[in-house]
Amino acid sequence: MHIEPGIVTGAKLVLSYATGIAAGGVALKLAAETVREQGIGSFAGRTLATTVLVFVFFEILPHFPVGVSEVHFILGSTLFLLFGAAPAAFGLAFGLLLQGVFFEPQDIPQYGMNVTTLLVPLFAIQAIASRIIPRNTAYVDLRYRQALALSTTYQAGVIGWVAFWALYGSGFAMSNLASIATFAASYALVIVIEPLADLAVLALAKSLRGVTAPGFVTPRLHNAA
């Protein structure tokens, strides 16, 4: 997952560092709450799991450059539903960093904007989940429309941030607008598939109710709030 190098350069990168730090601050706050409520061992284990999964999503699942960025199956809503907001946020940040360090070093200057693009939509689906999922509903009992709302919100957030960075860095030239539109259109497939992936993973998790090791998944996965 990356904004193509050269789209945002020079002094304009400062904004990306600022937004990345802000997103990191929110993630740290969520992490502190998670550790306080569920313990550091559970948080660390879930963070490790999400980091590995994100790295696999980015490097092994199909991905291809389109316009101003790349199309990936990020599965942000799946990570949120399985592991919770804080472990998902840290897993996305660490997985992205590992990808940059080992495979895409040219993306390191874009890390601030890329991590912003991944984390802010995650925080958005956390807020939406608290509104559309009743407190007496465990995540394994979600319906398709609820999974669709979360996944669509996440993907729309990713598209929105990619468009923002592209416009911020390269302006409103027709070629740039066309690249943004091509990227956004290509994500239609992701928006269709990811809710199905969510439901498939949740169905598997439901079948494993009582088998999953305590602390390895978010408590809300199997239990009402």
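Everything numeric here is computed off the predicted structure, so don't read it as measured data.

**What about helix H1 (residues 13-38)?**
Right, on to step 1. For H1, spanning 26 residues, the distance from its first C-alpha to its last is 37 Å, which sits close to the expected 38 Å at 1.5 Å a residue.
Right, on to step 2. All of the buried residues in H1 are Leu13, Ser16, Thr19, Gly20, Ala23, Ala27, Leu30, Ala31 and Thr34.
Right, on to step 3. Contacts made by the buried residues of H1 are with helix H2 (40-59), helix H4 (85-102), helix H5 (111-132) and helix H6 (144-170).
Right, on to step 4. Two residues or fewer after H1 comes Gly39, characterised by a positive phi angle close to 95°.

**A short note on the nonpolar core**
Right, on to step 1. The biggest cluster of nonpolar side chains holds 61 residues, and the ones touching the most others in it are Ile74, Phe80, Leu92, Leu122, Tyr154, Tyr187 and Leu221.
Right, on to step 2. Sorting the residues of this core by element identifies H1, H2, helix H3 (76-83), H4, H5, H6, helix H7 (174-186) and helix H8 (188-207) as the ones contributing at least two each.
Right, on to step 3. Those residues in contact with Phe80 that sit more than four places away from it in its chain are Ala85, Ala88, Leu122, Ile125, Gln126, Ala129, Tyr139 and Thr218.

**Some details on the environment of Gln99**
Right, on to step 1. Following the sequence through the fold, Gln99 ends up in helix H4.
Right, on to step 2. Relative accessible area serves as the criterion here: at 3%, Gln99 is assigned to the buried category.
Right, on to step 3. For the pair Gln99 and Phe55, spaced 44 residues apart in sequence, the C-alpha to C-alpha distance is 6.6 Å.

**Re the packing of aromatic side chains**
Right, on to step 1. If you walk through the whole model with that rule in mind, you get ten aromatic pairs.
Right, on to step 2. Taking 5.7 Å as the distance between ring centres and 45° as the angle between the ring planes, the aromatic pair formed by Phe55 and Phe103 counts as tilted. Residue Phe55 is located in helix H2, and its partner Phe103 is located in the loop between H4 and H5; the two are separated by 48 residues in the primary sequence.
Right, on to step 3. Looking at Phe55, the relative accessible area reads 24%, which means it is partly exposed.
Right, on to step 4. The exposure class assigned to Phe103 is partly exposed, which follows from its relative accessible area of 47%.
Right, on to step 5. Relative to Tyr139, the ring of Phe80 has its centre 5.8 Å away and its plane inclined at 45°; by these criteria the two rings are tilted. In this pair, Phe80 sits in helix H3 while Tyr139 sits in the loop between H5 and H6, placing the two residues 59 residues apart along the sequence.
Right, on to step 6. Residue classification places Phe80 among the buried residues on the basis of a relative accessible area of 4%.
Right, on to step 7. Taking the relative accessible area as the measure of exposure, Tyr139 reaches 8% and is therefore buried.
Right, on to step 8. In textbook terms, an aromatic cluster arises when at least three aromatic residues are bridged by ring pairs, as seen for Trp161, Phe164, Trp165 and Tyr168.
Right, on to step 9. Here the basic side chain of Lys12 rests over the ring of Tyr168, its NZ or CZ set 5.5 Å away from the ring centre.

**Examining the environment of Thr51**
Right, on to step 1. With respect to the helices and strands, Thr51 occurs in helix H2.
Right, on to step 2. Residue classification places Thr51 among the buried residues on the basis of a relative accessible area of 9%.
Right, on to step 3. Separated by 21 residues in sequence, Thr51 and Leu30 place their C-alpha atoms 17 Å apart.
Right, on to step 4. Those residues in contact with Thr51 that sit more than four places away from it in its chain are Phe90, Gly91, Phe94, Gly95 and Leu98.
Right, on to step 5. There is a polar contact of 2.8 Å between the side chain of Thr51 and the backbone oxygen of Thr47.

**Some thoughts on the packing of H1 against H6**
Right, on to step 1. Remark: H1 packs on H6, axes separated minimally by 11 Å, with the N-to-C direction vectors making an angle of 155°. Looking at the two axes, H1 sits roughly antiparallel to H6. The residues of H6 that touch H1, namely those facing Leu15, Ser16 and Thr19, are Phe164, Trp165 and Tyr168.
Right, on to step 2. Class assignment for the residues of the contact of H1 with H6 results in four nonpolar, two polar and no charged.

**Description of the packing of H5 against H6**
Right, on to step 1. For the pair H5 and H6, the least separation of the axes is 8 Å and the interaxial angle reads 150°. By the angle between their directions, the pair H5 and H6 is classed as roughly antiparallel. In this structure, H5 crosses over H6, and the sense of that crossing is right-handed. Residues Met113, Thr116, Thr117, Leu118, Val120, Pro121, Leu122, Ala124, Ile125, Ile128, Ala129 and Ile132 of H5 form the contact with H6, whose participating residues are Gln146, Ala149, Leu150, Thr153, Tyr154, Gly157, Val158, Trp161, Val162 and Trp165.
Right, on to step 2. Residue composition of the contact of H5 with H6, grouped by class: 17 nonpolar, five polar and no charged.

Procedures and definitions
- Here the residue numbering is sequential within each chain, running from 1 through the sequence in written order.
- Only residues with pLDDT of at least 70 get local features here, since the model is predicted, and only at 80 or more are side-chain atom pairs given and counted; chain-wide, interface and lining totals rely on the full set of residues.
- Just so you know, side-chain values use all the structure's heavy atoms and leave hydrogens and water out.
- Helix and strand assignments follow DSSP, with helices taken as H or I runs no shorter than four residues and strands as E runs no shorter than two, numbered in order from the N terminus.
- What a helix should span is 1.5 Å times the count of its residues minus one.
- Only protein chains enter the accessibility calculation, which uses a 1.4 Å probe; a residue whose area is less than 20% of its type maximum is buried, one above 50% is exposed, and one in between is partly exposed.
- The contact criterion used throughout is that any non-hydrogen atoms of two residues lie within 4.5 Å.
- Buried Ala, Val, Leu, Ile, Met, Phe, Trp, Tyr and Cys residues that are joined via side-chain atoms within 4.5 Å together make up what is termed a nonpolar core.
- Two aromatic rings from Phe, Tyr or Trp, using only the six-membered ring of Trp, form a pair when their centres are within 6.5 Å; if the ring planes differ by under 30 degrees the pair is stacked, by over 60 it is edge-to-face, and anything between is tilted.
- Definition used: whenever NZ (Lys) or CZ (Arg) falls within 6 Å of the ring centre and also within 35 degrees of the ring normal, the charge is taken to sit over that ring.
- Two N or O atoms count as a polar contact when they lie within 3.5 Å, although within protein this holds only if one can serve as hydrogen donor and the other as acceptor, and sequence-adjacent residues are included solely when both atoms are side-chain atoms.
- Interaxial angles span 0 to 180 degrees and are taken between N-to-C directions of axes, which are lines fitted to C-alpha atoms, for helices over the stretch in contact.
- Any angle from 65 to 115 degrees is called roughly perpendicular, while one under 35 is roughly parallel, one over 145 is roughly antiparallel, and all others are oblique.
- The classification used treats Ala, Val, Leu, Ile, Met, Phe, Trp, Tyr, Cys and Pro as nonpolar, Asp, Glu, Lys and Arg as charged, and all other residues, Gly among them, as polar.
- In this scheme the handedness of a crossing depends on how the near helix is turned from the far one: anticlockwise by less than a right angle means left-handed, clockwise means right-handed.

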